Structures are given as C-alpha cells and as structure tokens.
Amino acid sequence: MKSPLVCYALRLGPGEEIHSTLMNFVEENNLDSAFVMTCVGSVTKATIRLAHATAEKRNEIIHLDDKHEIVSLVGTLSDAGHLHISLSDKEGKMVGGHVIGGLEVFTTAEIVIGQLPSLVFEREMDDRTGFKELCIKARNNDE
C-alpha cells in the first residue's frame with residue numbers, strides 16, 4: 001500500500017527509557033501508522049528476547065546491564081510496538097533481538113520516526129504464528 005510520509009525527529013537524553021518514550025510520543029501525537037526509521041545512540045541497560053520464539057516457547061530473554069552502542073533500532077509502533085534492536089559492546093561484539101523494554105539511554109538516542117498518513121497499522125492474532133501480527137489497512141477518509 002502506498003502513502004505519503006511524515007517524519008518526526010527526537011533526541012533522548014541520559015536516563016530516559018526509549019521504548020516507553022516512543023510509545024508515549026505515538027499516543028500523544030495520535031500516530032497510528034508510525035515506525036522507527038533510524039536510531040543511533042547508546043544504552044546502559046536493555047531487555048531483549050532472542051530469536052526462535054514461538055507462541056508456546058517464548059524463548060530466552062536477556063537483561064544487559066552495561067554500556068552498549070545502538071547499531072540499529074527498527075520496527076513498528078502500533079499497539080505495544082514491535083521493535084528489534086542491535087547493540088554492540090565495548091569490544092564490538094553484537095547482540096540483538098526483540099525489544100522487551102528497559103532501554104535506558106547512556107549518552108543519547110537520536111531517533112527518526114516515520115508516519116504513513118494514508119495507512120493504519122493494527123495488530124491481529126495470526127493463528128499461523130500464535131502472535132499478534134501487523135495488519136496494514138487503508139485509512140478511512142472519514143477519520
């Protein structure tokens with residue numbers, strides 16, 4: 001589906017929590033088809049779920065309590081959001097996965113959010129995966 005694009009730029013500072021700040025921003029600005037276009041910065045904490053999760057086996061969740069560079073943060077911001085992050089430690093070793101929360105900014109988080117005004121993002125249960133998955137719908141012109 002095609003839509004124009006509106007962009008928002010944010011800069012979060014030390015101690016701010018990225019996931020909740022993004023979700024609050026989306027709610028306060030009535031964004032219903034928002035997504036993270038880019039994010040760079042650093043965190044002191046992160047809670048992520050590693051790969052291979054299924055509806056029955058939610059898989060391993062790890063808690064990082066050390067400084068990491070944000071190499072990438074991407075995803076959609078409908079409902080509770082669906083974000084994936086890649087982080088590197090002081091030796092350049094990478095870890096990544098599904099954001100659970102607890103992304104506490106160390107120095108900065110420079111984030112660009114996109115919004116697609118002609119579309120609406122919703123999440124609906126997908127029996128094939130056992131998860132609520134993204135449903136992209138055309139915006140009703142009466143909204």
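Above this text sits the structure in question.
About the criteria used
Residues numbered from 1 in each chain as written. Predicted model: local features only at pLDDT ≥ 70, side-chain atom pairs only at ≥ 80, totals over all residues. Heavy atoms only, no water. Helix = DSSP H or I, 4+ residues; strand = E, 2+ residues; numbered from the N terminus. Buried < 20%, exposed > 50% of the residue type's maximum accessible area, 1.4 Å probe, protein only. Contact = heavy atoms within 4.5 Å. Lys, Arg positive; Asp, Glu negative; His and termini not counted. Charge placed at Lys NZ, Arg CZ, Asp CG, Glu CD. 1 Å grid on protein atoms, 1.4 Å probe; cavity = no way out; pocket = protein on both sides within 12 Å on 5 of 7 lines; lining within 4 Å. Points joined across faces, edges and corners; volume = space filled by probe spheres on them. Nonpolar A, V, L, I, M, F, W, Y, C, P; charged D, E, K, R; others polar. Patch = residues over 30% accessible without salt bridge, like charges linked within 9 Å, V, L, I, M, F, W, Y side chains within 5 Å. Areas by Shrake-Rupley, 256 points an atom, 1.4 Å probe, with all protein chains shown as cover. Salt bridge = Lys/Arg side-chain N within 4 Å of Asp/Glu carboxyl O. Core = buried A, V, L, I, M, F, W, Y, C linked by side-chain atoms within 4.5 Å.

A. Local environment of the overall build of the chain. Scanning the chain from N- to C-terminus turns up one helix and eight strands. Traced from its N-terminal end to its C-terminal end, the chain shows the element sequence β-α-β-β-β-β-β-β-β. If one aligns the C-alpha atoms of the chain with their principal axes, the spans along those axes are about 50 × 35 × 20 Å. By the burial criterion, 39% of the 143 residues in the chain qualify as buried. For the chain, contacts bridging at least 24 residues in sequence account for 64% of all contacts bridging at least 6. Across the chain, 14 positive and 22 negative side-chain charges occur, with their mean positions spaced 4 Å apart.

B. Region of the structure containing the layout of surface pockets. The space that makes up the largest pocket amounts to roughly 430 Å³. In terms of lining residues, the largest pocket is bounded by 21 residues, among which Arg49, Gly81, His82, His98 and Phe131 are the most central. Counting residues per element, the ones that place at least two in the lining of the largest pocket are strand S5 (82-88), strand S6 (94-115) and strand S8 (131-138). Each residue belonging to the lining of the largest pocket can be placed in one class, and the counts come to eight nonpolar, seven polar and six charged.

C. Here's a closer look at a nonpolar patch on the surface. On the surface, Met1, Leu134 and Ile136 cluster together into a nonpolar patch covering about 300 Å² of accessible area. When you line up the elements, isoleucine 136 lands in strand S8.

D. Main features of the pattern of salt bridges. Scanning the model with the defined rule gives five salt bridges in all. Note that glutamate 122 is salt-bridged to lysine 137, the shortest N-O span being 2.9 Å. Taken together, the positions of glutamate 122 in strand S7 (residues 119-126) and lysine 137 in strand S8 put the pair 15 residues apart, joining distant regions of the chain. Accessibility expressed as a relative area gives 33% for lysine 137, which makes it partly exposed. A salt bridge links arginine 128 to aspartate 126, with the nearest nitrogen and oxygen atoms 2.7 Å apart. Here arginine 128 falls in the exposed class, since its relative accessible area comes to 76%. Here the residues in one salt-bridge network are Glu122, Glu124 and Lys137, joined through shared partners.

E. Molecular detail of the nonpolar core. Among the nonpolar cores identified, the biggest contains 28 residues, and Ile18, Leu22, Leu73, Leu77 and Ile111 are the most heavily contacted of them. Those elements giving two or more residues to this core turn out to be strand S1 (6-12), helix H1 (18-28), strand S2 (34-49), strand S3 (61-64), strand S4 (68-76), S5 and S6. Discounting residues that sit within four places of it in the chain, isoleucine 111 has contacts with Tyr8, Ala9, Leu10, Leu12, Ile18, Leu22, Val36, Thr38 and Cys39.

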